[in-house]
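Here is how the chains run, residue by residue.
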Amino acid sequence: MTANTQDAANVVAINDTTANPAPLGLLGFGMTTILLNLHNAGLFPMDSMILSMGIFYGGLGQIIVGIMEWKKNNTFGATAFTSYGLFWLTLVALIILPKTGSVPAPGDSAMTAYLVMWGVFTGVLFIGTFRMNRAMQVVFGSLTVLFFLLAAGDLTGNHMIKFIAGCEGIFCGISAVYAGLAQVINEVYGRTVAPLGLVRQPG
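Residues numbered from 1 in each chain as written. Predicted model: local features only at pLDDT ≥ 70, side-chain atom pairs only at ≥ 80, totals over all residues. Heavy atoms only, no water.

**Here's the deal with the packing of aromatic side chains**
- Scanning the entire structure with this criterion turns up 12 aromatic pairs.
- Ring geometry for Tyr-84 and Phe-121: centres 5.7 Å apart, planes at 65 degrees, overall edge-to-face. Of this pair, Tyr-84 sits in helix H4 (residues 75–96) while Phe-121 sits in helix H5 (residues 108–128), placing them 37 residues apart in sequence.
- Look at Tyr-84 and you get buried, because its relative accessible area is 3%.
- Judged by centre distance (5.1 Å) and plane angle (80 degrees), the ring pair of Phe-126 and Phe-130 falls under edge-to-face.
- Using a relative accessible area of 27% as the deciding quantity, one classes Phe-126 as partly exposed.
- Members of the aromatic cluster, joined through ring pairs, are Phe-29, Phe-76, Tyr-84, Phe-87, Trp-88, Tyr-114, Trp-118, Phe-121, Phe-140 and Phe-147. (Phe/Tyr/Trp six-rings, centres within 6.5 Å; stacked < 30°, edge-to-face > 60°. Helix = DSSP H or I, 4+ residues; strand = E, 2+ residues; numbered from the N terminus. Buried < 20%, exposed > 50% of the residue type's maximum accessible area, 1.4 Å probe, protein only.)

**Re the pattern of salt bridges**
- Scanning the model with the defined rule gives 2 salt bridges in all.
- Its salt-bridge partner being Asp-16, residue Lys-72 comes within 3.0 Å of it at the nearest N-O pair. You can see Lys-72 sitting in the loop between helix H3 (48–71) and H4 and its partner Asp-16 sitting in the loop between helix H1 (3–9) and helix H2 (22–40), a full 56 residues away along the chain.
- According to the relative accessible area criterion, Asp-16 is partly exposed, its value standing at 42%.
- Ionic pairing is found between Lys-162 and Asp-154, a salt bridge with its closest N-O pair at 3.9 Å. (Salt bridge = Lys/Arg side-chain N within 4 Å of Asp/Glu carboxyl O.)

**A look at the side chain of Gln-137**
- Summarising the element assignment, Gln-137 is placed in helix H6 (residues 134–156).
- Since its relative accessible area comes to 13%, Gln-137 is described here as buried.
- Separated by 3.1 Å, the side chain of Gln-137 and the backbone oxygen of Thr-129 make a polar contact.
- Excluding its chain neighbours within four sequence positions, the residues that come into contact with Gln-137 are Phe-126, Thr-129, Phe-130, Met-132 and Val-199. (Polar contact = N/O pair within 3.5 Å; in protein donor to acceptor, adjacent residues only side chain to side chain. Contact = heavy atoms within 4.5 Å.)

**A look at the side chain of Thr-32**
- Tracing the chain through its elements places Thr-32 in helix H2.
- One polar contact links the side chain of Thr-32 to the main-chain amide nitrogen of Gly-58, over a distance of 3.4 Å.
- Aside from chain neighbours lying at most four places away, what touches Thr-32 is Leu-27, Met-53, Gly-54, Tyr-57, Gly-58 and Trp-88.

**Here we look at the nonpolar core**
- Ranked by size, the top nonpolar core spans 34 residues in total, and within it Phe-29, Tyr-84, Phe-87, Tyr-114, Phe-140, Leu-143 and Phe-147 carry the most contacts.
- Mapped by element, the contributors of at least two residues to this core are H2, H3, H4, H5, H6 and helix H7 (159–189).
- Here this core takes 9 residues from H6, the largest share from any one element.
- Beyond its immediate stretch of four places on either side in the chain, Leu-143 contacts Phe-29, Tyr-84, Thr-122 and Cys-172. (Core = buried A, V, L, I, M, F, W, Y, C linked by side-chain atoms within 4.5 Å.)

**Focus on the UniProt feature "transmembrane region" (unreviewed entry) in the chain**
- UniProt's entry tags residues 49–68, 75–97, 109–128, 135–153 and 159–181 with the feature "transmembrane region" (unreviewed entry), counted in the numbering of this structure.
- Taken as a whole, residues 49–68 contains 100% helix and 0% strand, while its terminal C-alpha atoms sit 27 Å from one another.
- The span residues 135–153 shows a helical share of 100% and a strand share of 0%, and its end C-alpha atoms are spaced 27 Å apart. (UniProt positions renumbered as here; feature names shortened; annotations may be inferred.)

**Quick word on the packing of H4 against H6**
- Running from amino to carboxyl end, H4 crosses H6 at an angle of 35 degrees, the nearest separation of the two axes being 15 Å. Pair H4 / H6 crosses with left-handed handedness. Facing Phe-76, Ala-80, Tyr-84 and Phe-87 of H4, the residues of H6 in contact are Phe-140, Leu-143 and Phe-147.
- Here the residues of the contact of H4 with H6 sort into 7 nonpolar, no polar and no charged. (Axes fitted to C-alpha atoms, helices over the stretch in contact; angles between N-to-C directions. Left-handed = near helix turned anticlockwise from the far one by under 90°. Nonpolar A, V, L, I, M, F, W, Y, C, P; charged D, E, K, R; others polar.)

Right, dumping it as structure tokens:
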């Protein structure tokens, strides 16, 4: 037996029995997005409730999910969840740091650039969802629109655009919550209770 044959014989396949982390990430993203955009729509002011959700559930929660997706060899999931978890942390920092007096608050042009960058990033991920289910396509498609609406609102200072962005963001958050809870319910029942709109892959 050659050395290569011996090495091949010694390879041990590890069966991954860990749970699907994606629903947790989708719920952390979706619920935080809904609450932030209720604020954007004018229902209540920015307060510690939104910031706390941004730090812990939307931020740290998604980062943990991203690490779990990395362990499952899911490049898309690891990239998306880790990135959006860090997005929430940076957004909270942009709000809190200027209040300490250590750094100036970002101007409208800076926030526009920030949101456009996230819009471009999300748009590329949206292309990736063409190989996934319809639910994920709705989440990433509506999120791409949301970032560009928010950027337009900051660029123009138009309150109607910001209101529309808030309403669109609520829809985006609800779509993410649905995508997350649907996976949980479908797994618990062992059948499709909440459809995700599976995409038929080319043969």
